Amino acid sequence: MIEEPYRWVEAIANRREYIEGQLAPGSPIAALGFRDGILFLTLGQTRQKLFEIYDRIAMGAIGHPGDIERLRMAAIELASTEGFTRSAADVSLRRLAHYSLSSVMKSAFEQVYGPPYLARMIFAEVGARPEDDLFLRVEYDGEIASNGATYARARQDFAVLSGTRQSGELMEAFLKTEHKPDSSFEAAVNSALDAWSVGHMLLQNSDAKEMPQREAIKQHCREQLAMAAIEAAVLERAGKTTIRYRLLSDKELRPVITD
């Protein structure tokens, strides 16, 4: 009996190592607040990574397509039920993540005889002002990271998602110095592309510890844009309709990219 807790801890550690290995190749995602809304951006060739959840809420995810779809549908159903039983104004990202998705993912992760969710997700809810925007990252074990201010750090006007924690941390470090919440759409697109490149470079070279040089970031971005398509969407701050989510085409974004 005494050994059982230790076996559980060992099983959890092995489970975490396995999931991290499965998520490691995932293409990074950058979500940036700007003057007119929130931009989601990533690069890819096949699978969709960005999704609408509700009127003012969007999601990006990396991981197994089946698990992502299950979690996406769960989020949509929860938001729709909340909006129907109360009102659309009562649907909030914080409530959706903290009281629903987080507990579901934590339970699946800790039940070592069942399959965990192979997914890492990023959510954003657009506010009336840039300072009202909310970003949340939800991990496969139910852990939630917010862009809100804490005793240890200032509030962030962006969030990132990547296959490894080191890659994500380097993307955040880049955006802390390069991105402003009142930036234009064009500036946000270029900042997001550069941040994506920083994260992707680290995924390809896990031994890298320092921020790449500016020219190296731009060169990597050019090389990847020649092989992959841009997947992007915006949550519009002052949309004319209740639904603020709008997909952006690769063709629409190419002209605003600066070298």
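Every residue gets a number counted from 1 within its own chain, in the order that chain's sequence is written. For this predicted model, a pLDDT threshold of at least 70 governs which residues receive local features, and a threshold of 80 or more governs which side-chain atom pairs are given and counted, while totals over whole chains, interfaces and linings are taken from all residues. To get the side-chain values, take all heavy atoms of the structure and skip hydrogens and water.

## Some remarks on the sheet that holds strand E6 (residues 134-138)
Now for step 1: Read across the open sheet, the 5 strands follow the order E3-E4-E5-E6-E7; overall the sheet is antiparallel. Of all the strands in the sheet, just strand E3 (50-54) and strand E7 (144-146) have a single pairing partner and so form its edges. The mean inter-strand angle of the sheet, taken between neighbouring strand axes irrespective of direction, is 25°.
Now for step 2: One ladder, built from 3 bridges, connects E6 with E7; its direction is antiparallel. Across the sheet, Leu 136 pairs through a bridge with Ser 146, a residue of E7. Two strands qualify as a pair provided that DSSP identifies no fewer than 2 bridges between them. Helix and strand definitions here come from DSSP, where helices need a minimum of 4 consecutive H or I residues and strands a minimum of 2 consecutive E residues; each element is numbered from the N-terminal end. Only the contacting stretch of a helix is used when fitting its axis, a line to C-alpha atoms as for every element, and angles between N-to-C directions run 0 to 180 degrees.

## Some thoughts on the sheet that holds strand E9 (residues 229-236)
Now for step 1: The antiparallel open sheet is built from 5 strands, whose spatial order is E8-E1-E2-E9-E10. Where the open sheet ends on each side, the last strands, each with one partner, are strand E8 (158-161) and strand E10 (245-248). For this sheet the average axis-to-axis angle between neighbouring strands, irrespective of direction, equals 15°.
Now for step 2: Two elements, strand E2 (residues 37-44) and E9, share 8 bridges in a ladder whose sense is antiparallel.

## Considering the packing of helix H2 (residues 65-85) against helix H3 (residues 93-110)
For any two helices packed against each other, the geometry comes down to the angle between their axes and how far apart the axes lie.
Now for step 1: One way to put it is that H2 packs onto H3 with a least axis distance of 11 Å and a crossing angle of 140°. One way to sum up the angle between H2 and H3 is to call them oblique. Regarding H2 and H3, the two cross each other, and that crossing is right-handed. Between H2 and H3, the contacting residues are Leu 71, Ala 74, Ala 75, Leu 78, Ala 79 and Glu 82 on the first element and Arg 95, Leu 96, Ser 100, Leu 101 and Met 105 on the second.
Now for step 2: Here the residues of the contact of H2 with H3 sort into 8 nonpolar, 1 polar and 2 charged. Throughout, the term roughly parallel applies to angles under 35 degrees, roughly antiparallel to angles over 145, roughly perpendicular to angles from 65 to 115, and oblique to all others. In this scheme, a crossing is called left-handed if the near helix is turned counterclockwise away from the far one by less than a right angle; it is called right-handed if the turn is clockwise. By definition, residues are in contact when any of their heavy atoms lie within 4.5 Å. Asp, Glu, Lys and Arg are counted as charged, while Ala, Val, Leu, Ile, Met, Phe, Trp, Tyr, Cys and Pro are counted as nonpolar; the rest, among them Gly, fall into the polar class.

## Looking at the packing of aromatic side chains
Two aromatic rings, taken as a pair, are described by how far apart their centres are and by the angle between their planes.
Now for step 1: Each pair of aromatic rings taken from Phe, Tyr and Trp, with Trp reduced to its six-membered ring, is defined by centres within 6.5 Å and is described as stacked if the planes are under 30 degrees apart, edge-to-face if over 60, and tilted in the remaining cases. Under the criterion given, the structure shown has 2 aromatic pairs.
Now for step 2: When the ring of Phe 34 is compared with that of Phe 185, the centres are 5.9 Å apart and the planes differ by 55°; the resulting orientation is tilted. Of the two residues, Phe 34 is situated in strand E1 (residues 29-34) and Phe 185 in helix H5 (residues 185-204); the sequence distance between them amounts to 151 residues.
Now for step 3: Accessibility here uses a 1.4 Å probe with only protein chains present; expressed as a share of the type maximum, an area under 20% marks a residue as buried, one over 50% as exposed, and anything in between as partly exposed. Look at Phe 34 and you get buried, because its relative accessible area is 3%.

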